[in-house]
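Chain residues, written in single-letter form:
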Amino acid sequence: MEDDCADAWTDFQRQRDWAPEITGPADYLLRKVVQAICPSRDQWESRNAAISRVRNVLAGMPDFQPDRCSSQLAGMECLAEVHVFGSFCSAMYHKGSDLDLTLMGRWRDRHGHPLDMHQLSPTDTAAMLYRIKHALVNRRVAAADPLNPPTVINARVPVLTYTDGVLGLHVDITLCNHNGAFKSRFIWELAQFDKRFEIVFRLVKLWAEGAGLNDPKNGTLNSWSLTQMVIFHLQQLRILPPLWLMFQNEPPDESPRLLEQQSQQQRRWQAPVRSYAPYGLLKVCEQQRRRYQPVYASTGVNSSISSNSDTTQDIAGLLELLAGFFVRFKEVLVQWLEFGRHRKMKMCTWLGNWHDGGAFWRHEYLLGFEDPFDAGDNTARTLGTQSRHDGGCWRLLNSLEAACMASTHLTTQADLDAMMFSLFGSGIAEIMQPGFDPIQRLIEHQRQQHQAALQRQMQQHPEASQDVCQQPLPQQRPTQQQLGAQPLVQQQQQQRQQQLQDRLPAQQQQQQQEDAEALLLAEMC
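These numbers were taken from a predicted model, which means no experiment stands behind them.

Caption draft 1: Representation of the packing of helix α2 (residues 20-37) against helix α13 (residues 413-424) in the model. In the contact formed by α2 and α13, the axes pass within 10 Å of each other and the chain directions differ by 35°. Helix-helix and strand crossings are classified by hand; for α2 and α13 the assignment is right-handed. Residues I22, P25, A26, L29, L30 and V33 of α2 form the contact with α13, whose participating residues are Q413, L416, M420 and F424. Class assignment of the residues belonging to the contact of α2 with α13 gives a composition of nine nonpolar, one polar and no charged.

Caption draft 2: Molecular detail of the pairing of strand β3 (residues 99-108). Among the 10 residues in β3, eight count as buried, and that is most of the element. With six bridges joining them, strand β2 (residues 80-85) and β3 adopt antiparallel strand pairing. Considered in β3, the bridge of V82 is made with L103. Of the pairings in the sheet, the one linking β3 to strand β7 (residues 170-175) comprises five bridges and is parallel in character. Among the inter-strand pairings, T102 is bridged to a residue of β7, identified as T174. As paired strands, β3 and strand β4 (residues 114-116) are joined by three bridges and run antiparallel to one another. Each bridged residue has a counterpart across the sheet, and for R108 the counterpart in β4 is P114. What sits between β3 and β4 in their antiparallel hairpin is a turn of five residues, with G112 showing a positive phi close to 85°.

Caption draft 3: Structural view of the packing of α2 against helix α7 (residues 195-210). Contact pair α2 / α7: the axes reach a minimum separation of 10 Å and the direction vectors enclose 80°. In this view, α2 runs roughly perpendicular relative to α7, as classed from their interaxial angle. Only I199, R202, L203 and L206 of α7 make contact with α2, whose side of the interface consists of L30, V33, V34 and I37. Taken together, the residues that form the contact of α2 with α7 break down as seven nonpolar, no polar and one charged.

Caption draft 4: Up close: unusual backbone geometry. Unlike most non-glycine residues, A91 shows phi in positive territory, near 65°. If you trace the backbone, A91 turns up in the loop between α4 (87-90) and β3. Even without being a glycine, C176 presents a positive backbone phi close to 55°.

Caption draft 5: The arrangement of the packing of aromatic side chains in detail. If you walk through the whole model with that rule in mind, you get 20 aromatic pairs. Seen from their ring centres, F193 and Y296 are 5.8 Å apart, and the 70° between their planes marks the pair as edge-to-face. Taken as a pair, F193 in the loop between α6 (178-191) and α7 and Y296 in helix α10 (residues 281-299) lie far apart in primary sequence, 103 residues in all. By relative accessible area, Y296 is classed as buried at 9%. Ring plane angle 75° and centroid distance 5.9 Å describe the contact between W361 and Y365, whose orientation is recorded as edge-to-face. The same class applies to W361 as to Y365, namely buried. Through a chain of ring-to-ring contacts, three or more aromatic side chains come together here, namely W207, F232, F325, F326, F329, W336, W354 and F369. Against the face of W18 rests R16, its NZ or CZ located 4.1 Å from the ring centre.

Caption draft 6: Main features of the nonpolar core. F186, F197 and W207 are the most contacted members of the largest nonpolar core, which totals 92 residues. Among the elements that line this core, the one with the most residues is helix α11 (residues 318-338), at 14 residues. Among residues more than four places away in sequence, those in contact with W207 are L213, F325, F326, L396, S399, L400, A403, L423 and F424. Core analysis: the next-biggest nonpolar cluster, separate from the first, contains 35 residues, C78, L103, M117 and V171 among them.

Caption draft 7: Here's a closer look at the environment of G212. Looking at the element boundaries, G212 is found in the loop between α7 and α8 (223-236). Between the C-alpha atoms of G212 and L396, which are 184 residues apart in sequence, the distance is 9.1 Å.

Caption draft 8: Layout of the sheet that holds strand β10 (residues 369-371). Strands sit in the order β9-β8-β10-β11 across an open sheet of four strands; the sheet is mixed. Each edge of the open sheet carries a strand with a single partner, namely β9 (353-355) and β11 (374-378). Each adjacent strand pair in this sheet contributes to an overall mean axis angle of 45°, direction not counted. Relative to β10, strand β8 (residues 346-348) runs parallel, the two being bridged by two bridges. Bridge assignment links C348 to a residue of β10, and that residue is E370.

Reading the values: rules and limits
- Each chain carries its own residue numbering, running from 1 in the direction its sequence is written.
- This being a predicted model, a pLDDT of at least 70 is required before a residue's local features are given, and a value of 80 or more before pairs of side-chain atoms are given or counted; all residues contribute to the totals for chains, interfaces and linings.
- As a convention, hydrogens and water are excluded, and side-chain values are obtained from all of the structure's heavy atoms.
- Note on geometry: axes are C-alpha line fits, over the in-contact stretch for helices, and angles between N-to-C directions span 0 to 180 degrees.
- What counts as a helix is a DSSP run of H or I of at least four residues, what counts as a strand is a run of E of at least two, and both are numbered from the N terminus.
- Helix crossings are classified by the rotation of the near helix relative to the far one: an anticlockwise turn of less than a right angle makes the crossing left-handed, while a clockwise turn makes it right-handed.
- In this analysis, two residues are considered to be in contact whenever any of their non-hydrogen atoms come within 4.5 Å of each other.
- In this classification, the charged set is Asp, Glu, Lys and Arg, the nonpolar set is Ala, Val, Leu, Ile, Met, Phe, Trp, Tyr, Cys and Pro, and all remaining amino acids, among them Gly, are polar.
- Only protein chains enter the accessibility calculation, which uses a 1.4 Å probe; a residue is then buried when its area is under 20% of its type maximum, exposed when over 50%, and partly exposed in between.
- The pairing criterion for strands is at least two bridges between them, as found by DSSP.
- Each angle is binned into one of four classes, with values under 35 degrees roughly parallel, values over 145 roughly antiparallel, values of 65 to 115 roughly perpendicular, and all other values oblique.
- Under the pairing criterion, centres of Phe, Tyr and Trp rings, with the six-membered ring standing for Trp, must be within 6.5 Å; the plane angle then separates stacked pairs below 30 degrees from edge-to-face pairs above 60, leaving the rest tilted.
- By definition here, charges over rings are those cases where NZ of Lys or CZ of Arg is within 6 Å of the ring centre and within 35 degrees of the ring normal.
- Here, the term nonpolar core denotes a set of buried Ala, Val, Leu, Ile, Met, Phe, Trp, Tyr and Cys residues that are joined through side-chain atoms within 4.5 Å.

Written as structure tokens, this is what we have:
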């Protein structure tokens, strides 16, 4: 598989047309996008305020009231502990990211006895989340939106989803999700290994959200799968190490991975198993990072770049890293979906390569992205199986092909603007500072080309200059060939903007006609 990806990158390098005077501004513009979407201090404080509101609601529920007479629970305000995981825990979040919370600790059964939460069955877990939902609504912490009401999803891991009534932020609450908390803390540690990982991930996440590819409920990828894709891409460039090297020095054997034994027990017995996570190994991970960080900084791609810089100013080659991501996984999907090759291969960030072994999967999935900490779990399972899917794989392939096409030809500023609009949609103008409007700049570039063509025609045919000068300048939006394949939502937005743009010439013509009639009337008088 990796040989096919290398051949695809070689073909892309041979076909691409990048002007040296454009690649520098492209890297600068991508860094500005990353800086624009990085969270501010106010956003961090507002999310912590939302977490505090959840803690206050739980403290008032009878299910989590401590026994004041018990010496073991004396001084406790609430039996439940609220922990953060996901993008907010790994510091990979942005303004529109969801807030993922998990409850750990103890609760009171109907007899008033405090019990550990891991003893809850999936049915009892869903019932507990329903009671929490009603408490959040009654305290007006959860917004009572009829279009998006608080909901308990009875999935493999039951989850409560609601919208915060103050921030309008989407919040997910689960119970005893130690695995998610461990993975989030590990991702934060891995981001310290090389800053390019965080930057490339933020760009890929922004692209996936704009293309509608980061919605597992609708048959596309979840954020953990996108994270694994970025990690694997940087591993092949020797920017990041195989993940086993972050925990040990010897190559791994066939023993269960860090979170695999617990998952095997849950799948085997179909009963509550005490949740745990090897949080102590995160200290080992920090030591391994400091040991191998200089090694990879001297051997990876663009090794002269400071990989542990605190800013993005020292990180070059960002355009090439992003384009390489699109080319690599476009080739992966072409091999799997169109050619039917390498169907048994799994992408494994734990080993840092492709392999066809590992744990047995009960279903024949369309994509095989092996979880680095649990070989029995496929992180891309939301895309479906060969017999049951929603077309998410083909939407992903089309978006990757459009991204490759948009980043192939970069010779002018207009090409760069078209690439930015194609990758990140019309919302890129809102992300960047005021004055950055790629659509308006494309129209202005088109008007300049039209004006230059008129001047050449006037020089060649002076007698026709009067007729040529009366020709209107183009007002239409860029074509699909300029912008690349766009999602349906972006096409509709583009059509609405086109309608607004078309109104202006008609109003100007009407005003000119009224002025001419008024002038003629004045001369007659």
